[in-house]
Amino acid sequence: MNIVSVYMKFPTDKDCLDYLEQVRWPSGPTCPYCESKKVTALPKQNRHHCNNCNTTFSVTVNTIFHHTHLPLQKWFLAITLILNAKKGIAARQLARDLEVNKNTAWYLGMRIRNAMVQYNQRSLLEGIVEMDETYIGGKPRKGQRHDPPRKRGRGTDKTPVVGMVERKGDIKAAVITNKKLSRKTLLSLVRKNVDMEKATLITDEYQGYLKFSNYINHETVNHKVWYVDGFRHTNTIEGFWALLKRGITEQYHKVSVRHLPRYLDEFCYRYNNREVDTDLVFAVTIQKGLGVH
């Protein structure tokens, strides 16, 4: 799906509404408040009336589109632009493309990211799984000093992000909000996201991964000596970190710790759907935005 396809398939707001109703209510409208099917259409208002609880509603109630005053076509265009932007799209660029102000564009982006959350992806990672961590945070502006000087790597005060990727498969990642990477925290993430019996975990030799072999088949890479030894490497997860960091520094420039999990969900969602037909990804994103699973 691209912006040309959106204009062709959904030329009017009514077309967008009809599509949302078809996706959310394939068997006919249902009241989102009392779940009654005793509903009367109000075509002039593009709404429905529930004869059971005597309320009116539209298909956007309790969805990412709820209370929107923007044409739905612009929502569909925003979804398409975000899905097709490999390194993400800044709110100001989205605002220019959709002819809205930057605050509206930021609001659109965050609502759409709510449809990309990782907790909907319940399947566990199997096979060869690479695990690594990275650190997200800005650099001091030119001419400014960071006192004391900001450390690099695992001694930094930036926000840690841990990721696990199935070789030629999906990725799952999480922000560590307390900024401490303990063995207990890392093992908990593995248990939550990886099939302990069907996976081989590959990490570097960070002390937080010590004794993982007691719980899962575990291989390590000594980056001081070599980066690849047969199937032992973490190049896949490191490639994802490079994409994530380029997106944050080149597109968003700055991401707060509060909203970092949503941006991380966005990058994981695009990565996990990288080989899926774009029309299908668009349709699935609409389904998730409507709460259809």
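A look at the overall build of the chain
- When helices and strands are tallied, the chain shows nine helices and eight strands.
- The principal-axis extents of the C-alpha atoms in the chain amount to approximately 70 × 50 × 35 Å.
- Counting all 293 residues of the chain, 45% fall into the buried class.
- Expressed as a percentage of contacts within the chain between residues at least 6 apart in sequence, the contacts between residues at least 24 apart total 63%.
- Total accessible area on the chain is roughly 16500 Å²; 49% of this is exposed by carbon and sulfur atoms.

Regarding helix α6 (residues 183–193)
- Those residues of α6 that fall on the buried side of the exposure criterion are Leu-186, Leu-187, Leu-189, Val-190 and Asn-193. Along the long axis of α6, the arc covered by the buried residues comes to 155 degrees, so they all point the same way. More than 90 degrees from the buried face of α6, the exposed residues found are Lys-184 and Lys-192.
- Here the buried face of α6 lies against β4 (125–136), β5 (159–166), β6 (171–175) and β7 (194–204).

Regarding the side chain of His-259
- Along the chain, the position of His-259 falls in the loop between α7 (235–252) and α8 (260–272).
- Each residue touching His-259, except ones within four places of it in the same chain, is listed here: Trp-106 and Met-110.

Describing the packing of helix α3 (residues 72–84) against helix α5 (residues 102–113)
- Packing of α3 against α5 leaves a shortest axis separation of 10 Å and a crossing angle of 70 degrees. Accordingly, the angle class assigned to the pair α3 and α5 is roughly perpendicular. For the pair α3 and α5, the contacting residues are Trp-75, Ala-78, Ile-79 and Ile-82 in the first and Tyr-107, Leu-108, Gly-109, Arg-111 and Ile-112 in the second.
- Looking at side-chain class alone, the contact of α3 with α5 contains seven nonpolar, one polar and one charged residues.

With respect to a nonpolar patch on the surface
- Residues Ile-3, Val-4, Tyr-7 and Met-8 make up a contiguous nonpolar surface patch of roughly 430 Å² in combined accessible area.
- Following the sequence through the fold, Ile-3 ends up in helix α1 (residues 3–9).

What about the pattern of salt bridges?
- Taken as a whole, this structure holds nine salt bridges when the rule is applied.
- Of the charged contacts in the structure, one is a salt bridge between Asp-279 and Lys-9, with a shortest N-O distance of 3.6 Å. Residue Asp-279 is found in helix α9 (residues 278–290), and its partner Lys-9 is found in helix α1; the two are separated by 270 residues along the sequence.
- Among the residues examined, Asp-279 registers a relative accessible area of 32% and is labelled partly exposed.

Here we look at the packing of α3 against α9
- Relative to each other, α3 and α9 sit at 125 degrees, their axes nearing to 11 Å. One finds that α3 runs oblique with respect to α9. Between α3 and α9 lies a crossing of right-handed hand. Residues Phe-76, Ile-79, Thr-80, Leu-83 and Asn-84 of α3 touch α9, and the partners they reach there are Thr-278, Val-281, Phe-282, Thr-285 and Ile-286.
- A per-class count over the contact of α3 with α9 returns six nonpolar, four polar and no charged.

Quick word on the pairing of strand β1 (residues 39–42)
- Here β1 runs beside strand β2 (residues 47–50); their pairing, made up of four bridges, is antiparallel. What sits directly across from Thr-40, in β2, is His-49.
- As consecutive antiparallel partners, β1 and β2 are separated by four residues, and within that stretch Asn-46 has a phi angle of approximately 55 degrees, a positive value.

So, the nonpolar core
- In this structure, Tyr-19, Leu-20, Phe-65, Phe-76, Phe-282 and Ile-286 are the most contacted members of the largest nonpolar core, which totals 41 residues.
- Those elements giving two or more residues to this core turn out to be α2 (13–24), α3, α4 (91–98), α5 and α9.
- Looking at this core element by element, the count peaks at nine residues for α3.
- In contact with Phe-76, other than residues within four places in its own chain, are Val-6, Phe-10, Cys-16, Tyr-19, Leu-20, Phe-65, Phe-282 and Ile-286.

Rules of the game
- Residues numbered from 1 in each chain as written.
- Predicted model: local features only at pLDDT ≥ 70, side-chain atom pairs only at ≥ 80, totals over all residues.
- Heavy atoms only, no water.
- Helix = DSSP H or I, 4+ residues; strand = E, 2+ residues; numbered from the N terminus.
- Buried < 20%, exposed > 50% of the residue type's maximum accessible area, 1.4 Å probe, protein only.
- Contact = heavy atoms within 4.5 Å.
- Areas by Shrake-Rupley, 256 points an atom, 1.4 Å probe, with all protein chains shown as cover.
- Arc of directions from axis to C-beta.
- Axes fitted to C-alpha atoms, helices over the stretch in contact; angles between N-to-C directions.
- Parallel < 35°, antiparallel > 145°, perpendicular 65-115°, else oblique.
- Nonpolar A, V, L, I, M, F, W, Y, C, P; charged D, E, K, R; others polar.
- Patch = residues over 30% accessible without salt bridge, like charges linked within 9 Å, V, L, I, M, F, W, Y side chains within 5 Å.
- Salt bridge = Lys/Arg side-chain N within 4 Å of Asp/Glu carboxyl O.
- Left-handed = near helix turned anticlockwise from the far one by under 90°.
- Pairing = 2+ DSSP bridges.
- Core = buried A, V, L, I, M, F, W, Y, C linked by side-chain atoms within 4.5 Å.

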